Amino acid sequence: MPPNILIIGNICKDIIYSTQCYPPEDSKVKALSRDIRIGGNTGNIVQVLSQLRNCNINCCVKLGSCQFSYYIKSMLKNEGVRVIGVVEPDMDIPESVLIHSNETSSRTCLHYRGNCNDLTCEEVLSAVGDMSKYDWVHLEHRRNGLEVLKLAKQIKEKRPEVLMSIDIEKIREGFEEMLSVVDYPIVSKEVCRALGFDNLQAALVGLSVHCGHALIVTWGDKGAGMWLAQGTDNLTFNSDMLHKVDENTFTCNAFRVEDIVDSIGAGDSFSAGFIYCSSQKDKTQLPESLLLACKLAASKLKHCGMTVDPSVLDL
């Protein structure tokens, strides 16, 4: 049976303007194109997962009664995603305006939350109901960090065998405890640098003392690394992109991309790749999961939108 994957978090409306260069302050610059799409970490992850074979995708998100909320639900349903909506009738979908510079491939985000509140533990558990049907649960460590920590603990209490991952892109309340509760915390380079770690291996060593099962650290063009409490002796490394560092740690090189077209959603593509590969019933080994995650992130940089290149799945 394909694994049942549940993604919990926020979806937003992305409005993306492409310009020749980033506009100077107090200037008027012509936009070369405009694209409106489903965004946010959860929105991006489920769009990638929906294109990969052999998995059932579910997401629990806040929705309003606005037109874009109906569009989200309809579009994701058409892509095979089951949407569990926590509805607040007067809520506006959060909106991100992104400026993409063709000259530097940078993307600058102006985010407006409006009156959208983050999901609470009680809202998620009430909306989702029976947790026994899910094999993998993925969370976002949002600004209500202690509420997300409470949710992670209660999910584990209800279904101890469920595998759980979380994206940690900023330091929030409950950060260190979250590392020990969740099976696979995925920590960004920005968080590691804010904590004083200046390279991938230093971050893996320094943060692993707080982790119970595993740790994934992403480091942009330097690739990603993984620490495992159980050790790496029984793992197989079938690619020269993968490197065993010591008895508990291995890394994966970043795939080289000559011309970056669009970086929006690259980190979410990484998370989707890791979740997909690690959740498969055939017990795909974790080095392959990290390899696919890095490969999907690099592939995303080559084109606009969240379309997956099928050749990426050939490991």
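Residues numbered from 1 in each chain as written. Predicted model: local features only at pLDDT ≥ 70, side-chain atom pairs only at ≥ 80, totals over all residues. Heavy atoms only, no water.

Colleague: Which parts of the structure should I look at to understand the pairing of strand β6 (residues 95-101)?
Modeller: Taken residue by residue, a regular strand's side chains alternate between the two faces of the sheet. Sheet topology places strand β2 (residues 12-19) next to β6; seven bridges connect them, and they run parallel. Counterpart to K13 in the pairing with β6 is E95. Once β6 ends, the chain turns through five residues before running back antiparallel as strand β7 (residues 107-112), passing S105 with a positive phi of about 65 degrees. (Pairing = 2+ DSSP bridges. Helix = DSSP H or I, 4+ residues; strand = E, 2+ residues; numbered from the N terminus.)

Colleague: Help me understand the packing of aromatic side chains in this model?
Modeller: The geometry of an aromatic ring pair is captured by two quantities: the separation of the ring centres and the angle between the planes. In the structure shown here, the tally under the stated rule is five aromatic pairs. Relative to Y71, the ring of F68 has its centre 5.3 Å away and its plane inclined at 40 degrees; by these criteria the two rings are tilted. With F68 and Y71 both in helix α2 (residues 67-78) and three residues apart, this pair spans about one turn of that helix. Taking 5.5 Å as the distance between ring centres and 5 degrees as the angle between the ring planes, the aromatic pair formed by W136 and Y184 counts as stacked. Residue W136 is located in strand β8 (residues 136-140), and its partner Y184 is located in strand β10 (residues 184-187); the two are separated by 48 residues in the primary sequence. Comparing W136 with Y184, the two get one shared label, buried. Through a chain of ring-to-ring contacts, three or more aromatic side chains come together here, namely W136, Y184 and F274. (Phe/Tyr/Trp six-rings, centres within 6.5 Å; stacked < 30°, edge-to-face > 60°. Buried < 20%, exposed > 50% of the residue type's maximum accessible area, 1.4 Å probe, protein only.)

Colleague: Help me understand the packing of helix α1 (residues 40-49) against helix α8 (residues 266-278), please; the structure alone is not making it clear to me.
Modeller: In a pair of packed helices, the angle between the axes and the distance between the axes together describe the arrangement. The interhelical angle for the contact between α1 and α8, taken along N-to-C directions, is 50 degrees, at an axis separation of 8 Å. Taken as axis vectors, α1 and α8 run oblique relative to one another. Relative to α8, α1 is oriented so that their crossing is right-handed. Each of G40, N41, N44, I45, V48 and L49 in α1 lies in contact with α8, whose residues at this interface are D268, S269, S271, A272, I275 and Y276. (Axes fitted to C-alpha atoms, helices over the stretch in contact; angles between N-to-C directions. Parallel < 35°, antiparallel > 145°, perpendicular 65-115°, else oblique. Left-handed = near helix turned anticlockwise from the far one by under 90°. Contact = heavy atoms within 4.5 Å.)

Colleague: It is not clear to me how the sheet that holds β10 should be interpreted in this structure. Could you clarify?
Modeller: By way of backbone hydrogen bonds, the strands of a sheet pair with one another, either parallel or antiparallel. Spatial strand order, β5-β4-β1-β8-β9-β10-β11-β12-β14-β13: ten strands in an open sheet with mixed pairing. Each of the sheet's edge strands pairs with one partner strand only, and the pair in question is β5 (81-87) and β13 (242-244). Averaged over all neighbouring strand pairs, the angle between strand axes comes to 15 degrees, with direction disregarded. Of the strand pairs in this sheet, β10 and strand β11 (residues 214-218) are connected by two bridges, and their pairing is parallel. Within the sheet, the bridge partner assigned to I186 lies in β11 and is I216. Contacts from α1 reach β1 (4-8), β4 (56-63), β5, β8 and β9 (163-168), with the element oriented near 160 degrees to β1. Sitting on the sheet, helix α7 (residues 200-208) touches β10, β11, β12 (224-228) and β14 (249-252), and the angle it makes with β11 is about 150 degrees.

Colleague: What is the right way to look at the pattern of salt bridges in this model?
Modeller: Opposite charge on two side chains lets them pair, provided their charged atoms get close. Counted according to the given criterion, the structure contains 16 salt bridges. Its salt-bridge partner being R37, residue D35 comes within 2.9 Å of it at the nearest N-O pair. Assessed through its relative accessible area of 10%, R37 is described here as buried. Between E258 and R256 there is a salt bridge, with its nearest N and O atoms 2.8 Å apart. Residue classification places E258 among the exposed residues on the basis of a relative accessible area of 59%. Salt bridges sharing common partners tie together R113, D118, E140, R142 and R143. (Salt bridge = Lys/Arg side-chain N within 4 Å of Asp/Glu carboxyl O.)

Colleague: Explanation requested: the packing of α8 against helix α9 (residues 286-300) in the structure shown.
Modeller: Where α8 meets α9, the axes come as close as 7 Å, and the angle between the chain directions of the two elements is 150 degrees. Taken together, the axes of α8 and α9 are roughly antiparallel relative to one another. In this structure, α8 crosses over α9, and the sense of that crossing is right-handed. Counting all contacts with α8, which are made through A266, S269, F270, G273, F274, Y276, C277 and S278, the residues of α9 involved are L286, E288, S289, L290, L292, A293, C294, L296, A297 and K300. For the contact of α8 with α9, the class distribution of residues is twelve nonpolar, four polar and two charged. (Nonpolar A, V, L, I, M, F, W, Y, C, P; charged D, E, K, R; others polar.)

Colleague: So what exactly am I meant to see when it comes to the environment of S69 here?
Modeller: Along the chain, S69 turns up in helix α2. When its relative accessible area of 2% is taken as the criterion, S69 is described as buried. The sequence separation of S69 and G80 amounts to eleven residues, and the corresponding C-alpha distance is 17 Å. When sequence neighbours within four positions are dropped, the list of residues in contact with S69 reads L63, G64 and I93.

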